[in-house]
Amino acid sequence: MNESKHNKEQFVPSEQHDIHHQLKLRNLVSSDYEAIKEIMDSVYAHSGGAWTRDQYESMLARFPDGQWCIEDQGKVIAATLSLIVDYKHFGDFHTHAGITGNGYFTTHDPHGDSLYGVDIFVHPDYRGLRLGRRLYDARKELCRKLNLRRIIFGGRIPNYHKYAEELTPREYIERVKNKEIYDPVLTFQLSNDFHVRRVITGYLPEDEHSLGYATISQWINIDYEEADAKKPLLGEPKRIVRVAAVQWQMRPASTLDALRVQLRYFVSVVSEYAADFVVLPEYFNAALMAHFHTKNDADAVRQLSEFTEPIRAYLADLAVQYNINIVAGSLPEYNNHRIRNVCYLLRRDGTWDCQYKLHPTPDEEFEWTLTGGDELKIFDTDEGRIGILLCYDVQFPELSRLLAERGMQILFVPFLTDTKNGYLRVKRCAQARAIENECYVVVAGSTGSVPNLAYMDIHYSQSAIFTPSDFAFPHDSVKAEATPNTETTLIADLDLSLLKELNRHGSVRNLEQRRTDLYKVTWLGPDIEPPRNGGSDEN
């Protein structure tokens with residue numbers, strides 16, 4: 001087998017919006033062999049089929065930390081295999097059989113300097129979920145944690161046979177780089193930040209489509225240190241988290257399909273920038289109401305709530321497909337004759353949760369008969385602990401303090417405001433929450449107008465990402481800020497390690513120096529987890 005026999009990740013739009021995925025990245029174990037064999041026999045039916053069980057067991061025995069899979073609800077659907085080599089002992093002119101020890105990984109060297117990619121493959125029924133990208137990202141993380149110089153591998157160029165009469169291999173590769181030619185293997189590798197180092201022959205003699213040619217491609221670990229300090233392997237949350245906020249243009253949407261197009265567009269855009277989270281505004285689907293014929297505003301919101309579950313399911317599908325955690329603004333929910341405003345968290349592993357708005361505004365109560373939720377939640381994600389407060393809720397400082405006491409690192413605030421003074425209430429309070437709770441706060445709102453939509457016809461927004469106020473953060477405590485009232489996205493990297501440093505050694509220490517002998521904030525609603533000592537010590 002080889003690194004590039006089947007890593008094509010062409011997107012295939014899904015029409016089955018009710019499919020529920022629950023993805024998990026984990027190490028391969030011996031009992032996974034039959035599932036691995038089934039995938040490889042399908043993917044590599046015309047080029048040798050699966051590794052033997054003996055080869056597979058030898059891989060696990062020699063380097064278990066380098067063999068990973070993705071499972072969906074317990075079923076293995078993709079995998080990656082790798083080993084460590086001292087690359088100078090092999091050089092660029094090697095063969096696949098030689099560098100892998102004929103598939104038994106006898107060449108694995110724990111003291112080597114390079115992570116060698118041996119194989120990566122995805123079950124044909126699960127294309128379109130960007131599983132190959134997830135596996136490449138896992139490899140990069142492993143490379144960093146093991147303090148290796150690079151990831152390197154030999155890759156096929158399976159479309160070369162179509163152009164061999166007119167192009168040399170090098171010319172073909174340049175055309176692929178320039179996006180004049182599509183190669184299902186090389187194009188994918190280039191899009192994942194790998195660079196061609198050399199063209200070789202005889203890498204896989206049986207590879208007829210590549211005419212025996214292969215590329216040696218590599219990804220350089222810029223964090224590599226000559227002095228190799230022992231570091232933990234995969235499993236720890238990243239310290240740098242990339243977040244995106246969508247400043248949404250309200251426009252009449254006559255159908256749910258039209259709204260889905262807009263949602264997919266924004267999720268795909270920020271996913272291309274490798275964002276870990278994207279947050280949408282409050283009531284982002286409200287424009288659908290412009291086409292309702294109802295007797296009053298409360299009836300319109302109840303009718304709008306009929307779209308909530310299909311939208312949640314659609315966004316859950318996008319979260320998995322685009323490998324991104326979605327904080328889904330808010331949607332109205334009508335249940336047991338009660339209307340509530342709910343924000344869904346759609347994790348990229350397929351799981352989901354929700355946070356209800358606790359404080360409806362006076363207009364929401366009077367015009368729409370909304371009622372508040374009863375629970376406050378702290379959410380664990382693959383990139384740290386987050387909280388969600390919907391618009392007006394951020395103006396009640398007790399809520400964010402309760403979340404901060406439970407280790408919140410990022411607070412997401414979807415909002416919808418019609419005027420600048422309404423927006424400034426949200427902004428000023430969000431900035432205060434970031435400072436007093438030593439966390440990041442991401443706010444996202446809507447702009448534009450929708451005629452004939454009472455209480456939702458005009459909007460004012462300036463989406464932003466706020467930070468604490470100390471020397472390690474921007475001087476104005478604003479990490480990024482959108483142009484007011486313009487449809488756009490906002491993307492920024494947040495360093496979670498700075499929060500831990502602030503909590504312990506900041507110029508002022510709002511969480512650590514609270515006088516809990518004199519005062520405290522107590523939650524009286526349904527149980528949330530107990531507060532942590534020191535508030536955000538786990539950051």
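The following paragraphs examine the structure supplied in this document.

Definitions and limits used
Residues numbered from 1 in each chain as written. Predicted model: local features only at pLDDT ≥ 70, side-chain atom pairs only at ≥ 80, totals over all residues. Heavy atoms only, no water. Helix = DSSP H or I, 4+ residues; strand = E, 2+ residues; numbered from the N terminus. Rg over C-alpha atoms; globule rule 2.2 N^0.38 Å. Buried < 20%, exposed > 50% of the residue type's maximum accessible area, 1.4 Å probe, protein only. Contact = heavy atoms within 4.5 Å. Areas by Shrake-Rupley, 256 points an atom, 1.4 Å probe, with all protein chains shown as cover. Lys, Arg positive; Asp, Glu negative; His and termini not counted. Charge placed at Lys NZ, Arg CZ, Asp CG, Glu CD. Phe/Tyr/Trp six-rings, centres within 6.5 Å; stacked < 30°, edge-to-face > 60°. Pairing = 2+ DSSP bridges. Axes fitted to C-alpha atoms, helices over the stretch in contact; angles between N-to-C directions. Salt bridge = Lys/Arg side-chain N within 4 Å of Asp/Glu carboxyl O. Expected span 1.5 Å × (residues − 1). Parallel < 35°, antiparallel > 145°, perpendicular 65-115°, else oblique. Left-handed = near helix turned anticlockwise from the far one by under 90°. Nonpolar A, V, L, I, M, F, W, Y, C, P; charged D, E, K, R; others polar. Core = buried A, V, L, I, M, F, W, Y, C linked by side-chain atoms within 4.5 Å.

### Considering the overall build of the protein chain
Move 1: Helices and strands together make up the secondary structure of the protein chain, namely 13 helices and 21 strands.
Move 2: Over its C-alpha trace the protein chain gives a radius of gyration of 26 Å, about what one expects of a compact globule, namely 24 Å for 539 residues.
Move 3: Along the first, second and third principal axes, the C-alpha atoms of the protein chain reach 75 × 55 × 40 Å.
Move 4: Across the 539 residues that make up the protein chain, the buried fraction comes to 57%.
Move 5: Within the protein chain, counting contacts between residues at least 6 apart in sequence, those at least 24 apart form 73% of the total.
Move 6: A total of about 23100 Å² of accessible surface is found on the protein chain, and carbon and sulfur atoms cover 49% of it.
Move 7: Side chains of the protein chain give 60 positive and 77 negative charges; the mean places of these two sets differ by 2 Å.

### Examining the packing of aromatic side chains
Move 1: Going through the model one piece at a time under the given rule, you end up with 18 aromatic pairs.
Move 2: With 5.0 Å between their ring centres and 45 degrees between their planes, Tyr136 and Phe194 make a pair best called tilted. Here Tyr136 is found in helix H4 (residues 131-145), whereas its partner Phe194 is found in the loop between helix H6 (186-191) and strand S6 (195-201), with 58 residues between them in sequence.
Move 3: The exposure class of Tyr136 is buried, given its relative accessible area of 0%.
Move 4: Under the relative-accessibility criterion, Phe194 is labelled buried at 1%.
Move 5: Of the aromatic side chains, those joined through ring pairs into one cluster are Tyr136, Phe153, Phe188 and Phe194.

### Some points on the pairing of strand S16 (residues 410-414)
Move 1: The buried count for S16 comes to five of five residues, which makes it a mostly enclosed element.
Move 2: Where burial is concerned, the two faces of S16 agree: the one with Ile410, Phe412 and Pro414 and the one with Leu411 and Val413 are both buried.
Move 3: Pairing analysis gives three bridges linking strand S15 (residues 384-388) to S16, with the strands arranged parallel. Along S16, the bridge assignment pairs Ile388 with Phe412.
Move 4: Bridge count for S16 against strand S17 (residues 440-444) is five bridges, and the pairing is parallel.

### Examining the pairing of S17
Move 1: Most of S17 sits out of view: five of its five residues are buried.
Move 2: Judged from the three bridges that link them, S17 and strand S19 (residues 464-466) form a sheet pairing that is antiparallel. The residue of S19 that forms the bridge with Val443 is Ala464.

### Let's talk about the sheet that holds strand S14 (residues 379-381)
Move 1: Here six strands make up an open sheet; going across it, the order is S14-S15-S16-S17-S19-S20 and the pairing mixed. Strands at the two margins of the open sheet, each flanked by one partner only, are S14 and strand S20 (478-481). Shown here is a sheet whose adjacent strand axes are inclined to one another by a mean of 20 degrees, direction ignored.

### Quick notes on helix H11 (residues 397-404)
Move 1: Within H11, six of the eight residues are buried, which leaves the element mostly enclosed by the surrounding structure.
Move 2: Those residues of H11 that fall on the buried side of the exposure criterion are Leu399, Ser400, Arg401, Leu402, Leu403 and Ala404.
Move 3: The elements touched by buried residues of H11 are S15, S16 and helix H12 (420-437).

### Looking at the pattern of salt bridges
Pairing is possible between side chains that carry opposite charge, provided their charged atoms lie close to one another.
Move 1: Applying the stated criterion to the full structure yields 36 salt bridges.
Move 2: Here Arg260 makes a salt bridge to Asp257, at a shortest N to O gap of 3.1 Å. Taken together, the positions of Arg260 and Asp257, both in helix H7 (residues 256-272) and three residues apart, correspond to about one turn of that helix.
Move 3: Across the pair Glu282 and Lys357 runs a salt bridge, and its minimum N-O distance is 2.9 Å. Here the residue Glu282 occupies a position in the loop between strand S9 (277-279) and helix H8 (297-304), and Lys357 occupies one in the loop between strand S13 (352-356) and helix H10 (362-368), the gap between them amounting to 75 residues. Each member of the pair, Glu282 as well as Lys357, carries the same accessibility label: buried.
Move 4: Connected through shared salt-bridge partners, Asp276, Arg348, Asp382 and Glu383 make up one network.

### Brief notes about H4
Move 1: If you check H4, its first and last C-alpha atoms are 21 Å apart, about what 15 residues at 1.5 Å a residue would give, namely 21 Å.
Move 2: Of all 15 residues that make up H4, 13 are buried, and the element is covered over most of its length.
Move 3: Where H4 terminates, the next one or two residues include Asn147, which has phi positive at roughly 55 degrees.

### What to know about the environment of Asp193
Move 1: Its location among the elements puts Asp193 in the loop between H6 and S6.
Move 2: For Asp193, a relative accessible area of 46% corresponds to the partly exposed category.
Move 3: Linking Asp193 and Tyr136, residues 57 residues apart in sequence, is a C-alpha distance of 9.8 Å.
Move 4: Ignoring anything within four residues of it in the chain, the contact list for Asp193 reads Lys140, Gln218 and Trp219.

### So, the packing of H7 against helix H9 (residues 308-321)
Move 1: Running from amino to carboxyl end, H7 crosses H9 at an angle of 25 degrees, the nearest separation of the two axes being 11 Å. Relative to H9, the element H7 lies roughly parallel. The handedness of the crossing between H7 and H9 is right-handed. Where H7 abuts H9, its residues Leu256, Leu259, Arg260, Leu263, Arg264 and Val267 lie against Pro310, Ile311, Tyr314, Leu315, Leu318 and Gln321.
Move 2: Among the residues making up the contact of H7 with H9, the classes are represented as nine nonpolar, one polar and two charged.

### Digging into the sheet that holds strand S1 (residues 23-27)
Move 1: The sheet built from seven strands is open, its strands ordered S1-S2-S3-S4-S5-S7-S6 with mixed pairing. At either end of the open sheet lies a strand with only one pairing partner, and these are S1 and S6. When strand polarity is set aside, the average angle formed by the axes of neighbouring strands in this sheet is 25 degrees.
Move 2: Here S1 pairs with strand S2 (residues 68-72) via five bridges, running antiparallel. The partner of Asn27 across the bridge, within S2, is Trp68.

### Looking at the nonpolar core
Move 1: Core analysis: the largest hydrophobic core is formed by 54 residues, its most contacted members being Leu28, Ile36, Leu81, Leu115, Tyr116, Phe121 and Leu131.
Move 2: Listed by contribution, the elements that provide at least two residues to this core are helix H1 (33-43), helix H2 (53-62), S2, strand S3 (75-85), strand S4 (114-122), H4, strand S5 (150-155) and strand S7 (213-220).
Move 3: Tallying contributions element by element places S3 first for this core, with eight residues.
Move 4: When near neighbours in sequence (up to four residues on either side) are disregarded, Tyr116 contacts Leu81, Ser82, Leu83, Val85, His94, Ile99, Ile152, Phe153, Gly154 and Tyr203.
Move 5: Trp248, Leu259, Tyr283 and Leu318 belong to the second-largest nonpolar core, a separate cluster that totals 45 residues.

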